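Chain residues, written in single-letter form:
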Amino acid sequence: MYRIGVIGGGTMGAGIAEVTARAGGDILVLERDTDTAYAARARIARSLTRAVEAGKLARDAADEAAGRIVLTTSLDDFADRDLVIEAAPEIEELKIGFFTKLDAIVAPATVLATNTSSIPVIRLAGVTANPGRVVGVHFFNPVPVLPLVEIVATLKTDRAVVDKVIAYARDTLGKRTIESKDRAGFVVNGLLIPYLCSAIRMAESGFASVADIDEGMVAGCAHPMGPLRQADTIGLDVTLAIADSLYAEFREPQYVPPLLLRRMVDAGYLGRKTGRGFYTY
C-alpha cells in the first residue's frame, strides 16, 4: 500500500498523514474547505519541525515528507487510493456518510479503514457493498510519537485485509500492533476511559485536587502523566464521546461520563487543543 488517503486533517488525521508520509507514501488528505486545509498543512509542518528540533528527523527528510502530502477538498480525488483511513470527528453519522460515499468512489481492492476510538466498526462497514474490506486501524495521540496501532476486525472483515493492514502498520510505519474484537472502546479505551472518568469524579467531588490526583498516579504508579492531564491531551470532547459510546453499548456505571466532563465540553474547555481544560496551556 503506497497511495494513502486520510479523511480529515485534524489532530489525528494530521498525525496519520505525517507518519505515512515519513514512511514514503503518496498521501492525500481531505478537508472541508481551503481554510481548514491550510490549518491542516500548518499542523503537519509544526509537528515535523518539532521532530527536527528534537533530533528525531533530519531537515531534508522532513521536507521530503511534507512534499508527499497533498490537501484536497474533493472526495472524488480518492479514487486511486490503495488504503483510505477515515479520521473524521467521533460522530457516527458523519463517519457513515464518508463510508457510504467512499464505497462508491474507490476501487474494489481498496482497503477502507477507520480510526474511530469507540464506534463499533461494523456500523460503518454495514453501509458498504463489501464490508469484508473495512477494518479499524486505531492510532493514538500524538500519532508520530506513540508506537501503538489497534487493528479491529468486524465479524465480516476478510482475514487477508487484517493481515495486510497489520503488515503495513508494522513493517512500513514501524508501529507495534495489537488486535481487538469489534466492541465499543476496543482494548485500550475500554480500559482507559473508566480510569479517566474515575479521576474526573474524584476531582469533581473535591476528594483531592487535580494536581494531587495526577501526582499520585505519576509518582505512585509510574504513569508518564496523570489521568486529568491525559484527558486534556486526548481532548475532553473526545473523552466524552468515547464514554458515551461505551455506556450506550454496555450500560455499565463505570462508563457514565461525569457531569463535570460534560459541562467542561459544553463550555468549550476541551483541554490542550483549546488552551484550557483541567489545566491552562
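Anyway, here's the lowdown on the structure attached to this text.

Conventions used here
Residues numbered from 1 in each chain as written. Predicted model: local features only at pLDDT ≥ 70, side-chain atom pairs only at ≥ 80, totals over all residues. Heavy atoms only, no water. Helix = DSSP H or I, 4+ residues; strand = E, 2+ residues; numbered from the N terminus. Rg over C-alpha atoms; globule rule 2.2 N^0.38 Å. Buried < 20%, exposed > 50% of the residue type's maximum accessible area, 1.4 Å probe, protein only. Contact = heavy atoms within 4.5 Å. Areas by Shrake-Rupley, 256 points an atom, 1.4 Å probe, with all protein chains shown as cover. Lys, Arg positive; Asp, Glu negative; His and termini not counted. Charge placed at Lys NZ, Arg CZ, Asp CG, Glu CD. Right-handed = clockwise from strand over helix to strand, strands pointing away. Pairing = 2+ DSSP bridges. Polar contact = N/O pair within 3.5 Å; in protein donor to acceptor, adjacent residues only side chain to side chain. 1 Å grid on protein atoms, 1.4 Å probe; cavity = no way out; pocket = protein on both sides within 12 Å on 5 of 7 lines; lining within 4 Å. Points joined across faces, edges and corners; volume = space filled by probe spheres on them. Nonpolar A, V, L, I, M, F, W, Y, C, P; charged D, E, K, R; others polar. Expected span 1.5 Å × (residues − 1). Arc of directions from axis to C-beta. Phe/Tyr/Trp six-rings, centres within 6.5 Å; stacked < 30°, edge-to-face > 60°. Lys NZ or Arg CZ within 6 Å of the ring centre and 35° of its normal.

Once that is clear, we can look at the overall build of the protein chain. When helices and strands are counted, the protein chain shows 11 helices and 8 strands. At 19 Å, the protein chain has a C-alpha radius of gyration in line with the 19 Å of a compact globule built from 281 residues. The principal-axis extent of the C-alpha atoms belonging to the protein chain is close to 55 × 45 × 35 Å. Expressed as a percentage of its 281 residues, the buried residues of the protein chain come to 46%. In the protein chain, once contacts between residues fewer than 6 apart in sequence are set aside, the share between residues at least 24 apart is 68%. For the protein chain, the accessible surface area stands at approximately 12,800 Å², while carbon and sulfur atoms represent 55% of it. Measuring between centres, the 31 positive side-chain charges of the protein chain sit 1 Å from its 34 negative side-chain charges.

Bringing the pairing of strand β2 (residues 26–30) into the picture now. The two faces of the sheet receive side chains in turn, since in a regular strand these alternate between them. Across the 5 residues that make up β2, a large majority, 4, are buried. You can see the chain leave strand β1 (residues 3–7), run along helix α1 (residues 11–22) and come back into β2, and the turn it takes is right-handed. Inspection of the sheet shows β2 paired to strand β3 (residues 69–72) by 4 bridges, in the parallel sense. Its bridge partner being in β3, L30 is matched across the sheet by T72.

For the rest of this paragraph, the subject is the side chain of T20. Take T20: it is sitting in helix α1. Within polar-contact distance, the side chain of T20 engages the backbone oxygen of A17 at 3.0 Å.

Once that is clear, we can look at empty space enclosed by the protein. Throughout the structure, instances matching the rule amount to 1 cavity of 30 Å³ or more. Reported here for the largest cavity is a volume of approximately 50 Å³. Taken together, M1, L83, I85, A113, V137, F139, V165, Y168, A169 and L173 make up the full set of residues lining the largest cavity. Of all elements in the fold, only β4 (83–86), β6 (134–139) and α6 (159–172) reach the threshold of two or more residues within the lining of the largest cavity. Take the lining of the largest cavity: its biggest share by element is 3 residues, from α6. Of the residues contributing to the lining of the largest cavity, the split by class is 10 nonpolar, no polar and no charged.

Its 20 residues place the ends of helix α2 (residues 34–53) 29 Å apart at the C-alpha level, agreeing with the 28 Å of an ideal helix rising 1.5 Å per residue. Those residues of α2 not exposed but buried are T36, A37, A40, I44, S47, L48 and A51. The arc that holds the buried residues of α2, viewed along the axis, is 115 degrees, so those residues lie on one side. Those residues of α2 that are exposed and angled more than 90 degrees off the buried face are D35, Y38, R50 and E53. Against the buried residues of α2 lie α1, α3 (59–67) and β3. At the exit of α2 stands G55, carrying a positive phi of roughly 75 degrees.

Attention now moves to the layout of surface pockets. There is about 160 Å³ of room inside the second largest pocket. As for the second largest pocket, its lining consists of I122, I151, V152, A153, T154, L155, E179, S180, K181 and D182. For the lining of the second largest pocket, the secondary structure elements donating two or more residues are β7 (148–152) and β8 (176–180). The residue inventory of the lining of the second largest pocket, partitioned by class, reads 5 nonpolar, 2 polar and 3 charged.

Right, let's talk about the environment of A21 for a bit. Here A21 is to be found in helix α1. By relative accessible area, which is 0% here, A21 ends up buried. Placed 46 residues apart in sequence, A21 and G67 show a C-alpha to C-alpha distance of 8.5 Å. Excluding residues within four positions of it along the chain, A21 makes contact with I27, A65, R68 and I69.

Moving on: the environment of D244. Note that D244 resides in helix α10 (residues 236–250). Sequence separation between D244 and S118 is 126 residues, and the spatial gap between their C-alpha atoms is 9.1 Å. If we skip the residues at most four places from it in the chain, D244 touches P257 and R262.

Here the focus is the packing of aromatic side chains. For the structure on display, the rule yields 1 aromatic pair. For the pair F250 and Y255, a centre-to-centre distance of 5.6 Å together with 40 degrees between the ring planes defines the contact as tilted. For F250, a relative accessible area of 24% corresponds to the partly exposed category. Under the relative-accessibility criterion, Y255 is labelled buried at 6%. The lysine or arginine in question, R229, covers the ring of Y279, its NZ or CZ lying 3.7 Å from the ring centre. Over the aromatic face of Y269 sits the side chain of R276, whose NZ or CZ is 4.0 Å from the ring centroid.

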